Amino acid sequence: MALVSDGRFVEDGWRRLADEETLPKSGKAIVSLARLEHALANLPAGVSLGVNLPNTTEPASLAAALPRLELIEIAFPAFADGRGFSLARLIRRAGFKGELRASGRLLADQYAHALGCGFDTVEIPDDIAGRQDEAQWRAARAAHARTYQRGYVAPGSILDARRKAAAK
Amino acid sequence: MTAHDTTLTRPNAPVTTYRYDDFDAAFVKERVAEFREQVRRRLAGNLTEDEFRPFRLMNGLYLQLHAYMLRVAIPYGTLSARQMRRLADIADKYDRGYGHFTTRQNLQYNWPKLVDTPDILEALAEVEMHAIQTSGNCIRNVTADHFAGVAPDEIEDPRPTAEFLRQWSSAHPEFSFLPRKFKIAVTGAAHDRAAVKVHDIGLALVKNDAGEIGYQVYVGGGLGRTPFVAKLIRDFVARADLLAYLEAIMRVYNRFGRRDNKYKARIKILVHEKGIDAVREAVEAEFAGMDRAVFSYDPAEFERIAAYFTPPPYEALPADSEKLRAARVAHPAFGNFVEVNVAPHKAPGYAIVTVSLKPVGGIPGDATSAQMRVLADASERFGFGELRISHEQNVILPHVKQDDLFDLWKLLDAAGLATANAGLVSDIISCPGLDYCSLATARSIPIAQAISKRFADLSRQRRIGKLGIKISGCINACGHHHVGAIGILGLEKKGQESYQITLGGDPTFSANVGELLGPGVTAEQVPDVIEHIVDFYLAERQEGESFIETWRRIGHARFKDVLRREGEDGAGI
Ligand code: HEM
Ligand code: SF4
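Residues numbered from 1 in each chain as written. Chains lettered and ligands numbered in written order. Predicted model: local features only at pLDDT ≥ 70, side-chain atom pairs only at ≥ 80, totals over all residues. Heavy atoms only, no water.

The name given to chain B in an unreviewed UniProt entry is Sulfite reductase, and the organism recorded there is Methylocystis echinoides.

As annotated in an unreviewed UniProt entry, chain A carries the name Oxidoreductase and comes from Methylocystis echinoides.

Dropping the structure here:
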């Protein structure tokens, strides 16, 4: 597994717990959605909690948990399955401020889409990381320097730039 | 700089087409550069073919039966003379000297090479064109009424809306990996020439009681193996809410559209399975939950776009041209052309001309590079340099002075472009079928050619009147056969081509999917069967009745009966 953050492959400070593993006393742990309620109810003070969500999760069901989560990971079962993009939008809209991570077979070519929908990081399997190095992730992100959509996390919204130009 | 200074920066540019600003130009260049890099990475092995595929499709590039195929967008069907010339140049340089205009207001090249495509895209970008989202599971090229801006029955020109949507849908971060392709069409007139009810989303511009212009929104229409007429989801969406409302629909579809089976992944299936009420409820809930202010529609931006589509500087002319009347009398062939291919125009003294790409025995929608250049020249001499592509696979010259019609006709006639058959039986819509398409189960071009030859006599065609024949080479229905007054679907049965015939299809506001006439017939029998149907109609029709009106009045069963009886004497149906 490789983790892409800000166009770089970085160390992952989070550990994914198997469902039968007990919660650690400290550190950063990601649990499955099935285990979320239990983990929150028994959370040791020193633990930062993250959750791994299937892309079919109903965001409303997370409302109570959101303020206590520091990471949400959305699974992409296949790179062509774009449900995770909409789910990310809804989770951000619900006010989640922590790290939003896309996990699965995403491609560098989708990096800009992921960032645009509110993801911070992308976790990819080694074979993709082997074929698509950091430089390709950065280039793919830079290839979408301009976007037409407003309301997305867009560094270069054309509409805002036009507004600015018109105001001059 | 205002929208009307276009001539300063674009010599020969029509004054009524959208012009890229620096941002649009940079955006399209960025897409070309991105694709060039993707092709390089594909060839270097950084992307597998499976991974590359959606990205090449998003740039209009298919892998077909014999070669790659490139599908170029002609947004809302509007094209300038300069752009048409560029299409001709590309056809010469990178293809075999022709292109195929499609029912989706695209142009397809059948023989480009993979390594050339980035250069082709660059050549397109230079004239403000692209192939972005002409394929793939994303929001496709938005289509619109080809008589936009000139039709007398228009509430508002649909093209500003379509251009607004083109920009919004381009490289959309959230909606580029949908369950399936997604098609949006817009019409602004009382008569629907954009087939909005057979699209995933159909938008019809309407005026409410308060006199405000907004949109009637239809959802879940589509052809293919399970044809559906779209359902009304909202009677009125204010312009200020249009993008928000569309985003709500798209988000509901992206989350809940089926992904387990690609044939069931279209929004029409979602609407069919859940019911329009449940889909409406989900969309309205999403719409209500959105922070509309942040991203919502910007009226100033809409106005900026709309300013490009103002009418060209028409001359003040009498409603009817004396010169035209005289020429019609003196030249009967020209008279027929005017009767059939010329439509009334909003501005007095002007006309809308349909240039048929369906010569008798020809390939529907094909144009050679020489013909493209003739059309470009004609548009500059006689029509403010503007052209349209219709979903009927024809070319439209939208602003021709009635006084100029005769000279235009002579020019078209010399180039083999004056076939007077717009809307008649030989104005056939046909997909490429087995001649080019890897999905085809039967030929469609040769069927179209055979029917067109059978009805070669144009005076007979005029007597028959308006009658749309539409042919697809497989159930995907690219040739719209479901909505043809006569639809023909090519299938394969026991190693043999077999053609199913449907009657009564209608793509307009009164949309209807055609009904099956009987078991399939062979390729050779198709023209006979069509002829029998037409003869029966002629025998049954009442004064002034079109084919579809007669069919509706007397009912499908009567047509079926006649064909069955014919079958007994050997027509084989
Ligand atoms: C030659 C390459 C082509 C391929 C591989 C292709 C593929 C397809 C497929 C798979 C569908 C079925 C979509 C579905 O039901 O989900 C479809 C539908 C359609 N295609 Fe094509 N097509 C091609 C060319 C064309 C051409 C040349 C036209 C126009 C003449 C066209 C216009 C359409 C239209 C209008 C539909 C029906 C829209 C709908 O399903 O709602 N396609 N095409
Ligand atoms: S209808 Fe079938 S044969 Fe015709 S173009 Fe579409 S996919 Fe190909």
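### Quick notes on the site of ligand 2
Rules: Put simply, a residue is near a molecule or strand once any heavy atom of it comes within 4 Å of that molecule or strand. Throughout this entry, Asp, Glu, Lys and Arg are counted as charged residues, while Ala, Val, Leu, Ile, Met, Phe, Trp, Tyr, Cys and Pro are counted as nonpolar. The remaining residues, Gly among them, count as polar.
Every residue near ligand 2 is listed here: Cys431, Pro432, Gly433, Cys437, Leu439, Ala440, Ser472, Gly473, Cys474, Asn476, Ala477 and Cys478 of chain B. Tallied by class, residues from the shell around ligand 2 come to eight nonpolar, four polar and no charged.

### Looking at the interface of chain A and chain B
Operational definition: Any two residues having at least one pair of non-hydrogen atoms within 4.5 Å are treated as being in contact. As used here, buried area is the combined drop in accessible area, with a 1.4 Å probe, of two parts when they are placed together. We define a salt bridge as a side-chain nitrogen of Lys or Arg found within 4 Å of a carboxyl oxygen belonging to Asp or Glu. Two N or O atoms form a polar contact when they lie within 3.5 Å of each other; inside protein one atom must be a possible hydrogen donor and the other a possible acceptor, and for residues adjacent in sequence the pair counts only when both atoms belong to side chains. Secondary structure elements follow DSSP: runs of H or I no shorter than four residues count as helices, runs of E no shorter than two count as strands, and numbering proceeds from the N terminus.
Of the residues lining the interface, 39 residues belong to chain A; the matching set on chain B comes to 47 residues. Interface area for chain A against chain B, summed over the two sides, is near 3,700 Å², with a carbon-plus-sulfur share of 51%. In this structure, the connection of chain A to chain B is made through 12 salt bridges. Across the salt bridge formed by Arg162 of chain A and Asp24 of chain B, the nearest N and O atoms sit 2.9 Å from each other. Across the chain A-chain B interface, the total number found is 32 residue pairs in polar contact (both at pLDDT 80 or more). Top element by residues in the side of chain A that touches chain B is helix H2 (residues 83–93) of chain A. It accounts for six residues. A class-by-class count of the residues in the side of chain A that touches chain B yields 16 nonpolar, 11 polar and 12 charged.

### Side note on the sheet that holds strand E17 (residues 469–472) of chain B
Across a sheet, strands are paired by hydrogen bonds formed along the backbone, either parallel or antiparallel in direction. All names here are of chain B. Inclusion rule: Whether two strands pair depends on DSSP finding at least two bridges between them. Under this scheme, a helix contributes an axis fitted over its contacting stretch, all axes are lines through C-alpha atoms, and angles between N-to-C directions fall in the 0 to 180 degree range.
Spatially, five strands are ordered E16-E17-E18-E19-E20 in an open sheet, and the strand pairing comes out mixed. Taken across any chain shown, the strands that pair with only one partner, and hence form the sheet edges, are strand E16 (429–430) and strand E20 (515–516). Along the sheet, helix H16 (residues 445–454) contacts E16, E17, strand E18 (486–493) and strand E19 (496–503); its crossing angle with E17, the most-contacted strand, is approximately 155°. Sheet contacts for helix H18 (residues 526–540): E17, E18 and E19; angle to E19, the most-contacted strand, approximately 15°.

### Topic: the UniProt feature "domain: Nitrite/sulphite reductase 4Fe-4S" (unreviewed entry) in chain B
Residue and element names in this part refer to chain B. Just so we agree on the cut-off: UniProt positions are given in the numbering used here, feature names are shortened, and annotations may be inferred rather than shown by experiment.
Residues given the UniProt feature "domain: Nitrite/sulphite reductase 4Fe-4S" (unreviewed entry) here are residues 135–287 and 426–564. Helix makes up 30% of residues 135–287 and strand 18%, whereas the separation of the span's terminal C-alpha atoms amounts to 27 Å. Secondary structure across residues 426–564 divides into 35% helix and 17% strand, with the first and last C-alpha atoms of the span separated by 25 Å.

### Some remarks on the sheet that holds strand E8 (residues 201–207) of chain B
Residue and element names in this part refer to chain B. Reading across from one edge, E6-E7-E8-E9-E10 is the order of the five strands in this open sheet, with mixed pairing throughout. The outermost strands of the open sheet, each flanked by one partner alone, are strand E6 (143–144) and strand E10 (231–238). In the sheet, strand E7 (residues 184–187) pairs with E8 via four bridges, with the strands oriented parallel. Bridge pairing in E8 links Ile184 to Ile201. Strands strand E9 (213–219) and E10 of the sheet are contacted by helix H9 (residues 276–289), whose axis makes an angle of about 25° with E10.

### A few points about the nonpolar core
Within soluble globular proteins, side chains that are nonpolar generally end up buried alongside one another. As a reminder, the rule being used: In this text, buried Ala, Val, Leu, Ile, Met, Phe, Trp, Tyr and Cys residues form a nonpolar core when linked through side-chain atoms within 4.5 Å. Accessible area is worked out with a 1.4 Å probe on protein chains only. A residue is then buried under 20% of its type maximum, exposed over 50%, and partly exposed in between.
Ranked by size, the top nonpolar core spans 158 residues in total, and within it Ile72 of chain A together with Met84, Leu87, Leu165, Ile201 and Leu203 of chain B carry the most contacts. Ranked by residues supplied to this core, first place goes to helix H7 (residues 242–256) of chain B with 10 residues. Ignoring any residue separated from it by four or fewer positions in sequence, one finds Ile201 of chain B in contact with Phe182, Lys183, Ile184, Ala185, Val196, Val217, Tyr218, Val219, Leu246, Ile249 and Met250 of chain B. The next biggest cluster of nonpolar side chains, apart from the first, holds 34 residues, and it includes Ala448, Tyr499, Leu503 and Val534 of chain B.

### As for helix H11 (residues 299–306) of chain B
To be explicit about the condition: This arc describes the spread of directions from the helix axis toward the C-beta atoms.
Taken residue by residue, H11 of chain B has Glu301, Phe302, Ile305 and Ala306 of chain B as its buried positions. Here the buried residues of H11 of chain B occupy an arc of 135° about the axis, which is enough to place them on one side. Along its buried surface, H11 of chain B packs onto helix H6 (158–167) of chain A together with helix H6 (159–169) and E9 of chain B. The opening residue of H11 of chain B, the one whose side-chain oxygen lies 3.0 Å from the backbone nitrogen of Ala300 of chain B, is Asp298 of chain B.

### What about the packing of aromatic side chains?
Condition: Pairing of aromatic rings covers Phe, Tyr and the six-membered ring of Trp, with a centre-to-centre limit of 6.5 Å; geometry is then stacked below 30 degrees between planes, edge-to-face above 60, and tilted otherwise.
The tally for this structure, following the rule as stated, stands at 22 aromatic pairs over all chains. Taking 6.0 Å as the distance between ring centres and 40° as the angle between the ring planes, the aromatic pair formed by Phe85 of chain A and Phe177 of chain B counts as tilted. Of this pair, Phe85 of chain A sits in helix H2 while Phe177 of chain B sits in the loop between H6 and E7, on two different chains. Assessed through its relative accessible area of 3%, Phe177 of chain B is described here as buried. Among the aromatic side chains, those forming a connected cluster through ring pairs are Phe76, Phe85 and Phe119 of chain A together with Phe55 and Phe177 of chain B.

### A word on the environment of Tyr68 of chain B
All names here are of chain B. Checked against the element boundaries, Tyr68 lands in strand E2 (residues 68–73). Sequence separation between Tyr68 and Ala306 is 238 residues; the distance between their C-alpha atoms is 36 Å. The residues touching Tyr68, leaving out its near neighbours within four places in the chain, are Arg56, Leu61, Tyr62, Leu63, Tyr109, Asn110, Trp111, Pro112 and Leu114.

### Examining the side chain of Gln136 of chain A
Mapped onto the elements, Gln136 of chain A comes out in helix H5 (residues 134–142). Classification of Gln136 of chain A as buried rests on a relative accessible area of 9%. In this view, Gln136 of chain A contacts Ala108 and Arg131 of chain A together with Arg41 and Asn46 of chain B; residues no more than four positions away in its chain are not counted.

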